[in-house]
Amino acid sequence: QVQLVESGGGLVQPGGSLRLSCAASGNIVSIFVMGWYRQAPGKQRELVATITSSGRTNYADSVKGRFTISRDNAKNTVYLQMNSLNPDDTAVYYCNIDRAIVGGIWYLNSWGQGTQVTVSS
């Protein structure tokens, strides 16, 4: 089994910063893609950022230059450093892994439970 647990969400003022963490647990052999998605009220879930096992990153245009995704393979953890936050960043942020091998089983698009990020003055 694989479990994804997010942490680091909360309330922050515009212009502030938050650092999200997502730890994957289980007998993990490899994870090809780790990433973050978000869903604002009344909107579809959208990609925020992804990072491959080789370190290749992809960002939504709306967060480029403000957010940084990174991963620590030794800890099976992905991070999202969010700077210069604005109210449009308010959403539930979900951790995602794709093409993982855990305990001899393939996992595609596994999701965490989500963590709330609220940007408000």
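All chains use their own residue numbering, which begins from 1 and follows the written sequence. Owing to the predicted nature of the model, reporting of local features is limited to residues with pLDDT of at least 70; listing and counting of side-chain atom pairs is limited to 80 or more, with chain, interface and lining totals taken over all residues. With hydrogens and water set aside, each side-chain value is computed from the structure's full complement of heavy atoms.

Asker: What exactly am I supposed to notice about the sheet that holds strand β1 (residues 3-7) here?
Answerer: Strand pairing in a sheet relies on backbone hydrogen bonds. The paired strands run either parallel or antiparallel. When DSSP finds two or more bridges between two strands, those strands count as paired. Runs of E in the DSSP output that reach at least two residues are strands. Runs of H or I that reach at least four are helices, and both are numbered from the N terminus. Within the open sheet, the 4 strands sit side by side as β1-β3-β8-β7. Their pairing is antiparallel. Sheet topology places β1 and β7 (67-72) at the edges, where each strand pairs with a single neighbour. For this sheet, the mean inter-axis angle between neighbouring strands, taken without regard to orientation, is 15°. Pairing geometry for β7 and strand β8 (residues 77-82), over 6 bridges, is antiparallel. From the neighbouring strand, Phe67 faces β8, where its bridge partner is Met82. Axis lines are fitted to C-alpha atoms, over the contacting stretch for helices. Their N-to-C directions set the angle, which ranges from 0 to 180 degrees.

Asker: What is the right way to read the state of the cysteines from this model?
Answerer: Working definition of a disulfide: a covalent bond connecting the sulfur atoms of two cysteines. The criterion for a disulfide is a pair of cysteine sulfur atoms lying within 2.5 Å. Here the structure, examined in full by the defined rule, presents 1 disulfide. The disulfide partner of Cys22 is Cys95, and the S-S distance across this bridge is 2.0 Å. Its S-S torsion of about -85° marks the bond between Cys22 and Cys95 as left-handed, since a negative value means left-handed. Of the two residues, Cys22 is situated in strand β3 (residues 18-25) and Cys95 in strand β9 (residues 91-102); the sequence distance between them amounts to 73 residues. Overall, the relative accessible area of 0% leaves Cys95 in the buried class. Summary of the burial criterion: residues with accessible area below 20% of their type's maximum are buried, those above 50% are exposed, and those between are partly exposed, where the area comes from a 1.4 Å probe applied to protein chains only.

Asker: Help me out: how do you make sense of the packing of aromatic side chains in this one?
Answerer: What describes a pair of aromatic rings is the distance from one ring centre to the other and the angle between the planes of the rings. To pair, rings of Phe, Tyr and Trp, with the six-membered ring standing in for Trp, must have centres within 6.5 Å; the planes then decide the type, stacked if under 30 degrees apart, edge-to-face if over 60, and tilted in the middle. Counting across every chain of the model gives 1 aromatic pair. With a centroid separation of 5.0 Å and an interplanar angle of 70°, the aromatic rings of Tyr37 and Trp111 are classed as edge-to-face. In this pair, Tyr37 is assigned in strand β4 (residues 28-39) and Trp111 in strand β11 (residues 110-111), connecting sequence segments 74 residues apart. According to the relative accessible area criterion, Tyr37 is buried, its value standing at 18%. Trp111 sits in the partly exposed class, given a relative accessible area of 34%. Lysine and arginine charges are scored as sitting over a ring when NZ or CZ, respectively, is within 6 Å of the ring centre and within 35 degrees of the ring normal. Residue placement shows Arg19 over the ring face of Tyr79; its charged tip is 4.4 Å from the ring centre.

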